[in-house]
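This is what each chain is made of:
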Amino acid sequence: MARSERQVAIEVGGGSLRRGDVIHVGGQSMAVADIRHLTGGAKLIVFRTGDTLTITPGTTLVVLRTVAGWEGPEC
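Colleague: Would you mind going over the overall build of the chain with me for this structure?
Modeller: What the chain contains, in helices and strands, is 0 helices and 6 strands. When the helices and strands of the chain are read in sequence order from the N terminus, they spell out β-β-β-β-β-β. The buried share among the 75 residues of the chain stands at 29%. A separation of at least 24 residues holds for 50% of the contacts in the chain among residues at least 6 apart in sequence. Of the roughly 5,000 Å² of accessible surface on the chain, 50% is carried by carbon and sulfur atoms.

Take a look at the structure:
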């Protein structure tokens, strides 16, 4: 069986967000390029498009994350 990369939808808190995660904002898929820590535990998410989003410590997001090593039938 082939090993491939697949995207899975997972629910994460702001502390678990990673570069490369994809978030749907306003109907658009946006990939996370950078995460910056702000005062009070907030985070500034910088997307590959240059757009930004600020989240609070209690924010929960559903993201698409690429996961390597899944086994499945070859296409």
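Colleague: How should the pattern of salt bridges be read in this particular structure?
Modeller: Should the charged atoms of two oppositely charged side chains come close, the side chains can pair. Applying the stated criterion to the full structure yields 3 salt bridges. Note that R65 and D21 form a salt bridge whose closest N and O atoms lie 2.8 Å from each other. Placement of the pair is R65 in strand β6 (residues 60-72) and D21 in the loop between β1 (2-13) and β2 (22-25), with a sequence separation of 44 residues. Neither residue differs from the other here; R65 and D21 are each classed as buried.

Colleague: It is not clear to me how the pairing of β2 should be interpreted in this structure. Could you clarify?
Modeller: Looking down a regular strand, the side chains alternate between one sheet face and the other. Of the pairings in the sheet, the one linking β2 to strand β3 (residues 28-37) comprises 4 bridges and is antiparallel in character. Among the inter-strand pairings, I23 is bridged to a residue of β3, identified as M30. The hairpin formed by β2 and β3 contains 2 residues between the paired strands, and G26 there has a positive phi angle of roughly 60°.

Colleague: I'm lost on the environment of G13 in this one. Help?
Modeller: Along the chain, the position of G13 falls in strand β1. Taking the C-alpha atoms as reference, G13 lies 8.8 Å from V62; in sequence the two are 49 residues apart.

Colleague: Explanation requested: the pairing of β3 in the structure shown.
Modeller: The pairing of β3 with strand β4 (residues 43-47) spans 5 bridges and is antiparallel. Bridging from a neighbouring strand, V32 pairs with F47 of β4.

Colleague: Is there a simple way to think about the environment of T60 in this case?
Modeller: By the element assignment, T60 lies in strand β6. In contact with T60, not counting residues within four places along its chain, are E11 and V12.

Colleague: Where do I start with the nonpolar core in this structure?
Modeller: What tends to happen in soluble globular proteins is that the nonpolar side chains get buried as a cluster. Of all hydrophobic cores here, the largest spans 11 residues; its members are V12, L17, I23, M30, V32, I35, I45, F47, I55, L61 and V63. Sorting the residues of this core by element identifies β3, β4 and β6 as the ones contributing at least two each. Element by element, the count of residues in this core is highest for β3, at 3 residues.

What counts and how
- Residues numbered from 1 in each chain as written.
- Predicted model: local features only at pLDDT ≥ 70, side-chain atom pairs only at ≥ 80, totals over all residues.
- Heavy atoms only, no water.
- Helix = DSSP H or I, 4+ residues; strand = E, 2+ residues; numbered from the N terminus.
- Buried < 20%, exposed > 50% of the residue type's maximum accessible area, 1.4 Å probe, protein only.
- Contact = heavy atoms within 4.5 Å.
- Areas by Shrake-Rupley, 256 points an atom, 1.4 Å probe, with all protein chains shown as cover.
- Salt bridge = Lys/Arg side-chain N within 4 Å of Asp/Glu carboxyl O.
- Pairing = 2+ DSSP bridges.
- Core = buried A, V, L, I, M, F, W, Y, C linked by side-chain atoms within 4.5 Å.

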